[in-house]
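Observations on chain architecture
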Amino acid sequence: TLAVLDCLRQYQIKAQFFCVGNNVSKYPSVFQQIIAEGHAVGNHTFHHKNGWATDNEMYFDEVKKTDDLIHTKFFRPPYGKIKFSQANQILKTHQVVMWSRLTADFDKSITKEQCLKNAIGKPFKNVITTAKIYLANGTLYRTSAYSYQLNAVDDIIKMTINVQGAGTYVSDFV
């Protein structure tokens, strides 16, 4: 996280970090740095719980414990797994934020190259895409909406700044 914050600060880019409450408790100075540098935060439960495998009462407690620490209205369910009953309740107080690509960076059996292929993917039909920045296996990458080429992080951010200006908002960090 600190390396990502350094890179984002260098290029004046803001990101959204979905935070596990237990990590916020363990590393409060890192969380405070995220806030102090103007990044957005979201709730990612207290212990990174899989909604499908967690009863509702425990899941809602996980969300509340994290909300008590970080005070946000954004929520991303770990693994993207959430029951309809959980989603209906959480949507009363939060905006649920999912992702458009699953990189599978959690799968130790795939290569870094496959992870990046997963991130880039094929464009969705009838959807105009913009460039996205991904964190995959500890490395920052940017995909170009026009050519779908990968670049080194410094070149990526310089290109983003040249095209969109400093202060670009990045939302695909988990």
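Note that the structure is predicted; figures quoted are calculated from it, not measured. (Residues numbered from 1 in each chain as written. Predicted model: local features only at pLDDT ≥ 70, side-chain atom pairs only at ≥ 80, totals over all residues. Heavy atoms only, no water.)

Take the nonpolar core next. In this structure, L8, F17, C19 and F31 are the most contacted members of the largest nonpolar core, which totals 14 residues. Contributions of two or more residues to this core are made by α1 (2–10), β1 (14–19) and α3 (28–36). The contact partners of C19, leaving out residues within four places of it in the chain, are V24, F31, V41, G42, N43, H44, T45, T66 and I70. Among the nonpolar cores identified, the runner-up in size contains six residues, and V63, F75, A87 and I90 belong to it. (Core = buried A, V, L, I, M, F, W, Y, C linked by side-chain atoms within 4.5 Å. Buried < 20%, exposed > 50% of the residue type's maximum accessible area, 1.4 Å probe, protein only. Helix = DSSP H or I, 4+ residues; strand = E, 2+ residues; numbered from the N terminus. Contact = heavy atoms within 4.5 Å.)

Enumeration over the complete set of coordinates arrives at three salt bridges. For R9, the salt bridge identified is with E37, shortest N-O distance 3.0 Å. Placement of the pair is R9 in helix α1 and E37 in the loop between α3 and β2 (40–43), with a sequence separation of 28 residues. For R9, a relative accessible area of 40% gives the class partly exposed. Here D68 ties to K64 by a salt bridge, and the two come within 3.0 Å at their closest N and O atoms. Taken together, the positions of D68 and K64, both in helix α4 (residues 56–70) and four residues apart, correspond to about one turn of that helix. For K64, a relative accessible area of 48% puts it in the partly exposed group. Here the salt bridges do not stand alone but share partners, grouping D6, R9 and E37 into one network. (Salt bridge = Lys/Arg side-chain N within 4 Å of Asp/Glu carboxyl O.)

A positive phi angle, near 50°, is found at H71, a position not held by glycine. Inspection of the secondary structure assignment puts H71 in the loop between α4 and β3 (74–75).

Note that A87 resides in helix α5 (residues 84–90). Since its relative accessible area comes to 16%, A87 is described here as buried. Separated by 36 residues in sequence, A87 and G51 place their C-alpha atoms 9.3 Å apart.

Take the side chain of E62 next. Note on placement: E62 falls in helix α4. Despite its burial, E62 pairs with no opposite charge, the nearest such side chain being K49 at 5.0 Å. Not counting residues up to four positions away in its chain, the partners in contact with E62 are T45, F46, H47, H48 and K49. (Lys, Arg positive; Asp, Glu negative; His and termini not counted.)

A separate point is the packing of aromatic side chains. A full pass over the atoms with the stated rule returns one aromatic pair. Considering the side-chain rings of Y59 and F75, the 6.2 Å spacing of their centres and the 85° angle between planes classify their relative orientation as edge-to-face. Note that Y59 is positioned in helix α4 and F75 in strand β3, a separation of 16 residues in sequence. Judged by its relative accessible area of 0%, Y59 is buried. Residue classification places F75 among the buried residues on the basis of a relative accessible area of 0%. Directly above the aromatic system of F46 lies the positively charged group of K65, at a separation of 4.2 Å from the ring centroid. Above the plane of the ring of F18 lies R76, whose end atom (NZ or CZ) is 4.3 Å from the centre. (Phe/Tyr/Trp six-rings, centres within 6.5 Å; stacked < 30°, edge-to-face > 60°. Lys NZ or Arg CZ within 6 Å of the ring centre and 35° of its normal.)

Attention shifts here to the confidence of the model for the protein. In this model, the protein carries a mean pLDDT of 75, and residues with pLDDT of at least 70 account for 68%. Ranking the elements of the protein by mean pLDDT puts strand β7 (residues 169–170) last, at 38, and α4 first, at 98. Predicted confidence is poor over residues 124–131, with pLDDT under 50, and the contacts of this stretch with residues over four places away or in other chains come to eight contacts. This stretch, residues 142–174, has a pLDDT under 50; its non-local contacts, to residues over four places away or in other chains, come to 75 contacts. (pLDDT = per-residue confidence, 0-100.)

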